[in-house]
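Residue-level listing of the chains:
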Amino acid sequence: MEASSSGITNGKTKVFHPEGGVDLQGYHLDMQILPDGPKSDVDFSEILNAIQEMAKDVNILFDELEAVNSPCKDDDSLLHPGNLTSTSDDASRLETGGETAPERNKSNGLYFRDGKCRIDYILVYRKSNPQTEKREVFERNIRAEGLQMEKESSLINSDIIFVKLHAPWEVLGRYAEQMNVRMPFRRKIYYLPRRYKFMSRIDKQISRFRRWLPKKPMRLDKETLPDLEENDCYTAPFSQQRIHHFIIHNKDTFFNNATRSRIVHHILQRIKYEEGKNKIGLNRLLTNGSYEAAFPLHEGSYRSKNSIRTHGAENHRHLLYECWASWGVWYKYQPLDLVRRYFGEKIGLYFAWLGWYTGMLFPAAFIGLFVFLYGLTTLDHCQVSKEVCQAIDIIMCPVCDKYCPFMRLSDSCVYAKVTHLFDNGATVFFAVFMAVWATVFLEFWKRRRAVIAYDWDLIDWEEEEEEIRPQFEAKYSKKERMNPISGKPEPYQAFADKCSRLIVSASGIFFMICVVIAAVFGIVIYRVVTVSTFAAFKWALIRNNSQVATTGTAVCINFCIIMLLNVLYEKVALLLTNLEQPRTESEWENSFTLKMFLFQFVNLNSSTFYIAFFLGRFTGHPGAYLRLINRWRLEECHPSGCLIDLCMQMGIIMVLKQTWNNFMELGYPLIQNWWTRRKVRQEHGTERKISFPQWEKDYNLQPMNAYGLFDEYLEMILQFGFTTIFVAAFPLAPLLALLNNIIEIRLDAYKFVTQWRRPLASRAKDIGIWYGILEGIGILSVITNAFVIAITSDFIPRLVYAYKYGPCAGQGEAGQKCMVGYVNASLSVFQISDFENRSEPESDGSEFSGTPLKYCRYRDYRDPPHSLVPYGYTLQFWHVLAARLAFIIVFEHLVFCIKHLISYLIPDLPKDLRDRMRREKYLIQEMMYEAELERLQKERKERKKNGKAHHNEWP
């Protein structure tokens, strides 16, 4: 569900054709380009100078708002109250067209009071807070680092103070070099291989034919999206010594807003607020309450009274809302390059992965729906369902002690038909398909991620950017060792200390998993106790459907327990992760993610595993039931099988979980923001409309989750588990996931753009540890689906009966005609007089035939009561057991072989991307050489003009 950068930009891409020429929005420069090979005779300096002259005419969005040429003054001595005349949300650029740039900047709430210094970061504190001394030291050190500061009081509460921070060019350049921030230095030159004339003619004919076809509705309008310059340029780590290599139209707009905020945040994380090793960083001040909030500003309002098609976007936030977060564009691709520019690479990668996952769900949902419809169309031809519905004379034994009555097998006719919808001949095919689908999804995501990493300059980012956490640095600053890569001393954690912390953390994880198992044990006790209670209920509807009522209420109670335990797990995972003292932020995130996933995965799926593999498997038989604590009889499956219980468990949990998550993601912030606006209206009255500056509007929004994108990823990963692990029992799971994700993309986008403060732009190379978790779920899904088909469903018993015991035994056929008599063969006979005293039902069954019953039937393969070994296993039981084990082994080996074959055949890096990377490396070397040569020639000319030429100078 995403669009590539080349597909949605304004078309300002430069292309070299082998026949000669460069096209740049109407400009044309004739030249000859040699394909790959040794260095050509082309004068690259002249070409690049011409391209740069052409690029001066390119208009970049918001340059007129951000262009500032005069330096800023640090005026933090005066604390100004808020201005009630700030521009409202609906102000347009047309209304301020006659103002000068500083006057316009003053009114939009994104600049200092002088209208020249752009606000890069906001800190918020209360004057009544006692941590005054720490703040003063911290702010003094902020000014010492070169950052400029200005303070302003809140319009709502005079106790709230906003600290506005601005980073001048010198500070930005110095720290951008330290952080290895990659910046554009030459526009990209795309090379198109030479095509034969015949192929060119075919392409022209195809292009003419496409003109008659309707435009792709999922494509975004190219004219509404700005040209993102950094995506059309080669980039390199910023260096002040080689600043002449970079494309700098305006120093104030060279670093975009997201990069400026990231640099300022990097500075704040390393500023001391007290003497001492541990007294460092903004995070600690936020933790101890010295500051109440810290965030970068949104770029104005996301709404406008003017149409984006006629007047254009007010700002990038408005553009994102119209083209991405609006519900009216739910069917369109995502503008990932714009998302990356506004929110950073980490959030951009999340939405790229979510879009890719949603797009891959389409074939899975279609096949799952086909399996369900196949079961629906073959329902009338299913021999097993017919025999169940016609079995009026077969009386089943009670499913619980005393209160449960005898029942006809035909009473479970509806459940037998519902079971056939999910357990039919296409189920095995669908299980194999989903296992292969999971592998294809992950393999093609690696290719997609490689393309995104190349387009966003993330290929070599990890080695350059990894930074030590301030907490780790403060904890282990006394022990240092040389970094083998950089050769610089860095804090070091001893091996014994690390192992001891990991052991304590692992013990905590094991304890919490035991808590989950205890909760499942409680649910099991509830089920075995409640089934008897519902069987004696006064209402006939509940009494006649006691097992379904038990399953439904147990699932709802289990869901409530899941949600309550999740709160506890979050606190325990945070405590254990901080105890481990990870070295870097990525290590901290990976450790916390793994713990929370283990907790929530076990919490969410433990009851499902119990129903799938343990329910009704170890109950014994009538007259010799196995009991829990020698008291409660274990629960049995419904006469139509256990699969209906598993379907109910998955369907209810999946729907409730997704509904709750969507409410908490959007509903809770909406309610919170509405309550804040309501309080403001009550305090200031409604007789006039108050316009707040941007920092106050953003402060009244909800902060992003403290763990970043963790909740968003976790929700989707758990959904992926539901979609794959037990998909053989619930083929509609991919369809439900697809419908949810279509809503989820726009819901998350709406939340990021409108309801949350702007998160700090962070960089990331991939989705991190989540990819390994997805691979683990893919492997687990093969195993679980094999066991579900072999053990939970009746696929194997039916197959054994058709080939060995049915009317077609020995003929090699397995059609519906071969299943005649299957129901009777799968039921055993029990003599009612053999019941235990505590299990004997209150009813004698005389309501069925007028006389007390002597025998009843139950699901199992056992000998009759008058055989030599009463109630012993029959030969058919051992045949079915052997077939089940053989199916598990064959299914797993076959699917794993297919998965590994697909992984081997699909390369991680597309061939065209590999060629582009090699070509770019070659061109960058040429450009750097030509740029350096041009600089030396200019210096030589200047020295000649000044009369300082030397005979031996080079070149």
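The structure this text deals with has already been given above.
Conventions we followed
- Residues numbered from 1 in each chain as written.
- Predicted model: local features only at pLDDT ≥ 70, side-chain atom pairs only at ≥ 80, totals over all residues.
- Heavy atoms only, no water.
- Axes fitted to C-alpha atoms, helices over the stretch in contact; angles between N-to-C directions.
- Helix = DSSP H or I, 4+ residues; strand = E, 2+ residues; numbered from the N terminus.
- Parallel < 35°, antiparallel > 145°, perpendicular 65-115°, else oblique.
- Left-handed = near helix turned anticlockwise from the far one by under 90°.
- Contact = heavy atoms within 4.5 Å.
- Salt bridge = Lys/Arg side-chain N within 4 Å of Asp/Glu carboxyl O.
- Buried < 20%, exposed > 50% of the residue type's maximum accessible area, 1.4 Å probe, protein only.
- Pairing = 2+ DSSP bridges.
- Core = buried A, V, L, I, M, F, W, Y, C linked by side-chain atoms within 4.5 Å.
- Disulfide = S-S within 2.5 Å.
- Nonpolar A, V, L, I, M, F, W, Y, C, P; charged D, E, K, R; others polar.
- Phe/Tyr/Trp six-rings, centres within 6.5 Å; stacked < 30°, edge-to-face > 60°.
- Lys NZ or Arg CZ within 6 Å of the ring centre and 35° of its normal.
- Patch = residues over 30% accessible without salt bridge, like charges linked within 9 Å, V, L, I, M, F, W, Y side chains within 5 Å.
- Areas by Shrake-Rupley, 256 points an atom, 1.4 Å probe, with all protein chains shown as cover.
- Lys, Arg positive; Asp, Glu negative; His and termini not counted.
- Charge placed at Lys NZ, Arg CZ, Asp CG, Glu CD.

## With respect to the packing of helix α26 (residues 710–724) against helix α28 (residues 769–792)
Then comes step 1: One way to put it is that α26 packs onto α28 with a least axis distance of 9 Å and a crossing angle of 20 degrees. Here α28 runs roughly parallel to α26, going by the angle between their axes. The two elements α26 and α28 meet at a crossing, and its hand is right-handed. Residues Phe-710, Tyr-713, Leu-714, Ile-717, Phe-720, Gly-721 and Thr-724 of α26 form the contact with α28, whose participating residues are Trp-770, Ile-773, Leu-774, Ile-777, Ser-781 and Asn-785.

## A closer look at the pattern of salt bridges
Then comes step 1: Enumeration according to the criterion identifies 24 salt bridges in this entry.
Then comes step 2: When the shortest N-O distance is used, the salt bridge between Glu-152 and Arg-113 registers 3.6 Å. With Glu-152 in strand β7 (residues 148–153) and Arg-113 in the loop between α4 (101–107) and β6 (121–126), this pair connects stretches of sequence that are 39 residues apart.
Then comes step 3: Note on Glu-152: relative accessible area 5%, which makes it buried.
Then comes step 4: Close ionic contact of Asp-159 with Arg-126 constitutes a salt bridge, the shortest N to O distance being 3.7 Å. Of this pair, Asp-159 sits in the loop between β7 and β8 (160–166) while Arg-126 sits in strand β6; the two residues are 33 residues apart in sequence, bridging distant segments of the chain.
Then comes step 5: Shared partners join several salt bridges into a network, and the residues in it are Arg-113, Glu-150, Glu-152 and Lys-164.

## Quick notes on the pairing of β6
Then comes step 1: The buried count for β6 comes to five of six residues, which makes it a mostly enclosed element.
Then comes step 2: Note: β6 against β8, six bridges, orientation antiparallel. When the sheet's bridge partners are listed, Tyr-125 is paired in β8 with Ile-161.
Then comes step 3: In this sheet, strand β12 (residues 293–295) lies alongside β6 in antiparallel orientation, the contact comprising three bridges. Within the sheet, the bridge partner assigned to Ile-122 lies in β12 and is Phe-295.

## Some thoughts on the nonpolar core
Then comes step 1: Counting residues in each nonpolar core, the largest one holds 150 residues, and the members touching the most others are Phe-343, Trp-353, Tyr-357 and Trp-437.
Then comes step 2: No other element matches the 15 residues that helix α14 (residues 345–377) contributes to this core.
Then comes step 3: Phe-343 has contacts with Leu-320, Trp-324, Phe-752, Val-753, Pro-759, Leu-760, Ala-761 and Ser-762, leaving out every residue within four places of it along the chain.
Then comes step 4: Listed in part, the 39 residues of the second largest apolar core include Leu-147, Val-181, Tyr-234 and Ile-267.

## Observations regarding the environment of Leu-409
Then comes step 1: Summarising the element assignment, Leu-409 is placed in the loop between β15 (407–408) and α16 (413–422).
Then comes step 2: Sequence separation of Leu-409 and Cys-389 is 20 residues, and the distance between their C-alpha atoms is 7.5 Å.
Then comes step 3: The residues touching Leu-409, leaving out its near neighbours within four places in the chain, are Val-388, Ala-391, Ile-394, Met-396, Pro-639, Val-823 and Leu-827.

## Looking at the state of the cysteines
Then comes step 1: Under the defined criterion, the tally for this structure stands at three disulfides.
Then comes step 2: A sulfur-sulfur separation of 2.0 Å characterises the disulfide bridge that pairs Cys-808 with Cys-818. The disulfide joining Cys-808 to Cys-818 has a torsion of about -85 degrees about its S-S bond and is therefore left-handed. In this pair, Cys-808 is assigned in the loop between α29 (795–805) and α30 (822–825) and Cys-818 in the loop between α29 and α30, connecting sequence segments ten residues apart.
Then comes step 3: The class for Cys-818 is buried, based on a relative accessible area of 0%.

## A few points about the environment of Leu-827
Then comes step 1: Considering the arrangement of structural elements, one finds Leu-827 in strand β22 (residues 827–831).
Then comes step 2: For Leu-827, the contacting residues outside a window of four places in its chain are Ile-394, Met-396, Leu-409, Arg-857, Tyr-858, Arg-859 and Asp-860.

## Considering the packing of helix α13 (residues 336–343) against α14
Then comes step 1: Packing of α13 against α14 leaves a shortest axis separation of 7 Å and a crossing angle of 150 degrees. Considering the angle they form, α13 stands roughly antiparallel to α14. The interaxial crossing formed by α13 with α14 has right-handed handedness. The residues of α14 that touch α13, namely those facing Leu-336, Val-339, Arg-340 and Phe-343, are Glu-345, Ile-347, Gly-348, Phe-351 and Ala-352.
Then comes step 2: By residue class, the composition of the contact of α13 with α14 is six nonpolar, one polar and two charged.

## What about the packing of aromatic side chains?
Then comes step 1: Taken as a whole and judged by the stated rule, the model has 51 aromatic pairs.
Then comes step 2: Here Phe-238 and Phe-254 contribute two aromatic rings whose centre-to-centre distance is 5.9 Å and whose plane-to-plane angle is 50 degrees, an arrangement assigned as tilted. Here Phe-254 lies in helix α8 (residues 251–254) and Phe-238 lies in the loop between β11 (233–237) and α8, a separation of 16 residues in the sequence.
Then comes step 3: Both rings, one in Phe-613 and one in Phe-787, keep their centres 6.1 Å apart while their planes meet at 75 degrees; by these two values the pair is edge-to-face. Placement of the pair is Phe-613 in helix α23 (residues 585–613) and Phe-787 in helix α28, with a sequence separation of 174 residues.
Then comes step 4: The class for Phe-787 is partly exposed, based on a relative accessible area of 29%.
Then comes step 5: The positively charged end of Arg-758 is found above the aromatic ring belonging to Tyr-342, 3.9 Å away from the centroid.
Then comes step 6: Lying over the aromatic face of Tyr-873, Arg-862 brings its terminal NZ or CZ to 4.3 Å of the ring centre.

## Focus on a negative patch on the surface
Then comes step 1: Residues Glu-133, Glu-136, Glu-274 and Glu-275 make up a contiguous surface patch of negative charge.
Then comes step 2: Within the secondary structure, Glu-136 is located in helix α5 (residues 132–144).

## Observations regarding the environment of Ile-525
Then comes step 1: Locating Ile-525 in the fold gives a position in helix α20 (residues 495–535).
Then comes step 2: Remark: the alpha-carbon pair of Ile-525 and Arg-633, spanning 108 residues in sequence, is separated by 9.6 Å.
Then comes step 3: Those residues in contact with Ile-525, other than ones at most four positions away along the chain, are Leu-628 and Trp-632.

That's the geometry; what it means functionally is another story.
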